[in-house]
Amino acid sequence: MRLTSWGKYPWVDTTLESPRTETAAIGLLDGASSLIGRGLGRSYGDSALNRSVVVSCLKLDAMGSFDETTGILVAESGVTLEEIIDAFLPRGWFRPVTPGTKFVTLGGAVASDVHGKNHHEAGSFAGHVPWFDLWTPAQGIVRCSPTENEELFHATTGGHGLTGLITRVALRMVRVPSAFISQKTVKAASLAHIMEAFEEYASLPFSVAWIDCLQKGADLGRSIFMGGSFASPQDLPFEWQAEPFVPNSPRALKIPLDFPSFALNTLSVKAFNAQYYAKAPKGVSGSAVSYNTFFYPLDSIREWNRIYGKRGFTQYQFVIPKQAGPEGLHKILHAIAESGQGSFLAVLKLFGKQPKYAANISFPVEGYTLALDFPITKKLFPLLNSLDSLVLEYGGRHYLTKDSRLSGSVVKQSYGSALERFRDLKNRIDPEGVFSSLQSDRLGLFQKKS
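These figures come from a predicted structure and were not determined experimentally. (Residues numbered from 1 in each chain as written. Predicted model: local features only at pLDDT ≥ 70, side-chain atom pairs only at ≥ 80, totals over all residues. Heavy atoms only, no water.)

Asker: I keep staring at the overall build of the protein and nothing clicks. Help me out?
Answerer: When its secondary structure is counted, the protein shows 13 helices and 22 strands. Its C-alpha atoms give the protein a radius of gyration of 21 Å, within 12% of the compact-globule value 22 Å for 450 residues. Its C-alpha atoms give the protein principal-axis dimensions of about 60 × 55 × 45 Å. In the protein, buried positions account for 58% of the 450 residues. Within the protein, residue pairs in contact and separated by at least 24 positions form 74% of the contacts whose partners lie at least 6 positions apart. Looking at the protein as shown, the accessible area adds up to about 18,300 Å², and 53% of this sits on carbon and sulfur atoms. Distance between charge centroids for the protein: 6 Å, based on 46 positive and 41 negative side chains. (Helix = DSSP H or I, 4+ residues; strand = E, 2+ residues; numbered from the N terminus. Rg over C-alpha atoms; globule rule 2.2 N^0.38 Å. Buried < 20%, exposed > 50% of the residue type's maximum accessible area, 1.4 Å probe, protein only. Contact = heavy atoms within 4.5 Å. Areas by Shrake-Rupley, 256 points an atom, 1.4 Å probe, with all protein chains shown as cover. Lys, Arg positive; Asp, Glu negative; His and termini not counted. Charge placed at Lys NZ, Arg CZ, Asp CG, Glu CD.)

Okay, here's the thing in structure tokens:
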């Protein structure tokens, strides 16, 4: 069948298998020559695509147990973050780290070591996973934790499915007082202003900014900062206080067809950005919004990837160390504005300190991370190649979950010795390279020893 990921680029002809039980999944894996695991297909590029076999984990969707004392949930890897919210938020529990969509499986969250708007306080997803079970070609099912098979644990968190198939995950949940966020909004006139906002409101557990990436000169980097924390019931509007765990979720819309390729152009993106920036209140303002509005604004638009047309799109996400952030982001935003290839989905976040482990190629490092969506066009890749050079110049790296076109030399330079250790470990637990993807082949993430 023809298969792609959320960016709709690239496509591949492959066989999609959907085992219904862990036993069936292991039977499928044993003796296979080449495959990769897959969750909901929300990785943007080719990290969950394989030309031979793709193993969907969506039917491995049983929740096993939940301990009210410790907050630890044990579930199969195909359980989605949406299902966890629906089951546990009404009881006052939420995930400690959430990406910008709830349409992600537990296994996918581990494999990408997803991060959220609270990385500066809570770190990445792996920091809240006590253990998971992993099937590897060399060892079969292995229990991995920060203290048991710890090198394999850290290689798998952020390892993009290349160490084996995650079958079961333990996740530490956290208590929350409501399903609403007390939100602080700052309308920032420039890049310097938005960075000041991140520093001023660093005590807020959640923070993010939208950037108008087509502005130049004094307006370069004009932004809207949104920070917040879970609201206590008494701080909510009166009509919400009686049912603090029943959010006023936005009505879901659906994009019915692929937009024509000319719909997204410099003029349309400029118009959208101008309108979005103009409607934000001046200065600093506060409000209460549902968790859906704050964490998952795009989830209310089903199949929003069709906006980019049949050619698809790529999300370009990088992180630059904090000290180099102001200068590096200024140069990168200037290059994007000069190219005229702006993105109306441009999101800036601040990462906190990230622990370093051998063989761990998880994305975050302390600094500023910017994610931009670009429609696939003939002139896009030359721009992204030039941005790659700037990211490397300032000591940054790229998020492989979003990637569909990086070169192996760029990844080797940015991930350094961690990538070498990752390759060494993979040679031990998967010596024939059974778990492989289009991305791992393109980037050389596995090199079979002769």
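Asker: What's the story with the packing of helix 10 (residues 325-339) against helix 11 (residues 380-393) in this structure? I'm lost.
Answerer: Two quantities define a packed helix pair, namely the angle between the helix axes and the distance between the axes. Across the interface, helix 10 lies against helix 11 with an axial gap of 10 Å and an inter-helix angle of 170 degrees. Taken as axis vectors, helix 10 and helix 11 run roughly antiparallel relative to one another. Contact residues: helix 10 offers Lys331, Ile332, Ala335, Ile336 and Ser339, while helix 11 offers Leu383, Leu387, Leu390, Val391 and Glu393. Residues that form the contact of helix 10 with helix 11 fall into these classes: seven nonpolar, one polar and two charged. (Axes fitted to C-alpha atoms, helices over the stretch in contact; angles between N-to-C directions. Parallel < 35°, antiparallel > 145°, perpendicular 65-115°, else oblique. Nonpolar A, V, L, I, M, F, W, Y, C, P; charged D, E, K, R; others polar.)

Asker: How do you make sense of the state of the cysteines when you look at a structure like this?
Answerer: A covalent bond between the sulfur atoms of two cysteines is referred to as a disulfide. Scanning all chains against the criterion turns up zero disulfides. Among the cysteines around Cys57, which has no disulfide bond, Cys144 carries the closest sulfur, lying 15 Å off. A relative accessible area of 0% means that Cys144 is categorised as buried. (Disulfide = S-S within 2.5 Å.)

Asker: Explanation requested: the side chain of Thr101 in the structure shown.
Answerer: The residue Thr101 is located in the loop between strand 8 (93-94) and helix 3 (106-112) in this model. You can call Thr101 buried: its relative accessible area is 15%.

Asker: Which parts of the structure should I look at to understand the side chain of Thr314?
Answerer: With respect to the helices and strands, the residue Thr314 is situated in strand 19 (residues 313-321). Taking the relative accessible area as the measure of exposure, Thr314 reaches 3% and is therefore buried. There is a polar contact of 3.2 Å between the side chain of Thr314 and the side chain of Ser404. Ignoring any residue separated from it by four or fewer positions in sequence, one finds Thr314 in contact with Leu372, Asp373, Phe374, Ile376, Leu380, Leu384, Lys402 and Ser404. (Polar contact = N/O pair within 3.5 Å; in protein donor to acceptor, adjacent residues only side chain to side chain.)

Asker: Help me understand the sheet that holds strand 6 (residues 63-67), please; the structure alone is not making it clear to me.
Answerer: The strands that make up a sheet pair up through hydrogen bonds in the backbone, lying either parallel or antiparallel. On the basis of which strands lie adjacent, the open sheet formed by five strands has the order 6-7-11-9-10 and antiparallel pairing. The open sheet has two edge strands with one neighbour each: strand 6 and strand 10 (140-144). Averaged over all pairs of adjacent strands, the angle between strand axes in this sheet comes to 10 degrees, irrespective of strand direction. As defined by bridge partners, strand 7 (residues 72-76) adjoins strand 11 (residues 165-172) across five bridges and the pair is classed as antiparallel. (Pairing = 2+ DSSP bridges.)

Asker: Honestly, the environment of Thr101 in this entry has me stumped. Any pointers?
Answerer: Considering only alpha carbons, one finds Thr101 and Ala189, 88 residues apart in sequence, at a separation of 28 Å. In this structure, Thr101 is in contact with Arg42, Leu81, Tyr296 and Asp299, ignoring residues within four places of it in sequence. Among the polar contacts listed, one links the side chain of Thr101 to the side chain of Asp299, at a separation of 2.9 Å.

Asker: I would appreciate a short explanation of the pairing of strand 20 (residues 346-351) in the present structure.
Answerer: Along any regular strand, the residues point their side chains to alternate faces of the sheet. Burial analysis of strand 20 places five of its six residues in the buried class, the great majority of the element. Here six bridges tie strand 20 to strand 21 (residues 367-375), and the two strands are oriented antiparallel to one another. The partner of Lys349 across the bridge, within strand 21, is Thr369.

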